[in-house]
Amino acid sequence: MDQTPKLPLDQELQAAVAIVRIGLDRIRDAACRTEAVGPHAAALQALYDPTKPDAGVLGAVADVIGTITVSVSEVDHEDIERVTELLDEAQGHVQDSTGDRIRHALDLLQPLLLVCEECMKRRPDVEVIPDPFSTALYPDEPDHRQIPLCPPCATKRFEDS
């Protein structure tokens, strides 16, 4: 038996919007807590990742609009066709228009991303850190070489030590 308390529709939607806003605030905070380009690019990819357009926030918004469009098309009213046309356009704008602009911004940011010294890839999560290899072998040494590494390569260097 379902024990979930039932909220009135307006409260249910207000709660859903609050949850979405919290998630969007987290994306914004992750991007803006530093001047580094990587977190900004990663946050933009969370909104729209050109390699996985259905996986980001815009994909989720487009999916909701699409589902509502299909559902509302069942309503018997003379203006429903126009409503569904408008919603189809809105769905397209979310991913196609907005997504395309984010993709273009990501393309422009790509050359500004750090290159991982191990895998030689430009990635948003590459950070300049003390060498995990020498840090693990010589923890008492005060100065370790600072190198740009992505998390998988940093882990591998540490494990190789």
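Note that the structure is a prediction, hence the values are computed from the model and not measured.

*Asks:* A description of the overall build of the chain should follow, citing residues and the corresponding values.
*Replies:* Within the chain, the secondary structure is distributed over 6 helices and 2 strands. Counting from the amino terminus, helix and strand elements in the chain follow one another as α-α-α-α-β-α-β-α. Its C-alpha atoms give the chain a radius of gyration of 22 Å, clearly above 15 Å, the size a compact globule of 161 residues would have. By principal-axis analysis of the C-alpha atoms, the chain measures approximately 75 × 45 × 25 Å. Across the chain, every contact between residues at least 6 apart in sequence was considered, and the portion connecting residues at least 24 apart equals 50%. Accessible area for the chain stands at about 11,500 Å²; split by element, carbon and sulfur atoms hold 57% of it. Averaged over its 15 positive side-chain charges, the chain has a centre that lies 7 Å from the centre of its 30 negative ones.

*Asks:* Account for helix α4 (residues 80-109), with residues named and values stated.
*Replies:* Taking 1.5 Å of rise per residue, 30 residues should cover 44 Å, and α4 covers 42 Å from first to last C-alpha, within 8% of that figure. Every buried residue of α4 is listed here: Ile80, Thr84, Val94, Gln95, Gly99, Ile102 and Leu106. In this structure, the buried residues of α4 make contact with α2 (37-47) and α3 (57-72).

*Asks:* With reference to specific residues and values, describe the packing of α3 against α4.
*Replies:* For any two helices packed against each other, one specifies the crossing angle of their axes together with the interaxial distance. Where α3 contacts α4, the axes come no closer than 9 Å and their chain directions differ by 170 degrees. Comparing the axis directions of α3 and α4 gives the class roughly antiparallel. Contacts between α3 and α4 involve Leu58, Gly59, Val61, Ala62, Ile65, Gly66, Ile68, Thr69 and Val72 on the former and, on the latter, Ile80, Val83, Thr84, Leu87, Asp88, Ala90, Gln91, Val94, Gln95, Thr98, Gly99 and Ile102. Split by residue class, the contact of α3 with α4 holds 12 nonpolar, 8 polar and 1 charged.

*Asks:* Give me the pattern of salt bridges: which residues, what numbers.
*Replies:* Across all of its chains, the model carries 10 salt bridges by this definition. In this structure, arginine 157 and glutamate 118 form a salt bridge, with 2.9 Å as the shortest nitrogen-oxygen distance. Residue arginine 157 is located in helix α6 (residues 151-160), and its partner glutamate 118 is located in the loop between α4 and β1 (127-130); the two are separated by 39 residues in the primary sequence. Taking relative accessible area as the criterion, glutamate 118 reaches 38% and is therefore assigned partly exposed. Each of Asp100, Arg103 and Asp107 takes part in salt bridges that share partners, so that together they form one network.

*Asks:* Describe the nonpolar core, with residues and values.
*Replies:* Membership of the largest hydrophobic core is limited to 9 residues, which are Ala41, Tyr48, Leu58, Ala62, Ile65, Val94, Ile102, Leu106 and Leu113. When contributions to this core are tallied by element, the ones reaching two or more residues are α3 and α4. When sequence neighbours within four positions are dropped, the list of residues in contact with valine 94 reads Leu58, Val61, Ala62, Ile65 and Gly99. In this structure, Cys116, Ile147, Cys153 and Ala154 belong to the second largest nonpolar core, which totals 7 residues.

Conventions adopted
Residues numbered from 1 in each chain as written. Predicted model: local features only at pLDDT ≥ 70, side-chain atom pairs only at ≥ 80, totals over all residues. Heavy atoms only, no water. Helix = DSSP H or I, 4+ residues; strand = E, 2+ residues; numbered from the N terminus. Rg over C-alpha atoms; globule rule 2.2 N^0.38 Å. Contact = heavy atoms within 4.5 Å. Areas by Shrake-Rupley, 256 points an atom, 1.4 Å probe, with all protein chains shown as cover. Lys, Arg positive; Asp, Glu negative; His and termini not counted. Charge placed at Lys NZ, Arg CZ, Asp CG, Glu CD. Expected span 1.5 Å × (residues − 1). Buried < 20%, exposed > 50% of the residue type's maximum accessible area, 1.4 Å probe, protein only. Axes fitted to C-alpha atoms, helices over the stretch in contact; angles between N-to-C directions. Parallel < 35°, antiparallel > 145°, perpendicular 65-115°, else oblique. Nonpolar A, V, L, I, M, F, W, Y, C, P; charged D, E, K, R; others polar. Salt bridge = Lys/Arg side-chain N within 4 Å of Asp/Glu carboxyl O. Core = buried A, V, L, I, M, F, W, Y, C linked by side-chain atoms within 4.5 Å.

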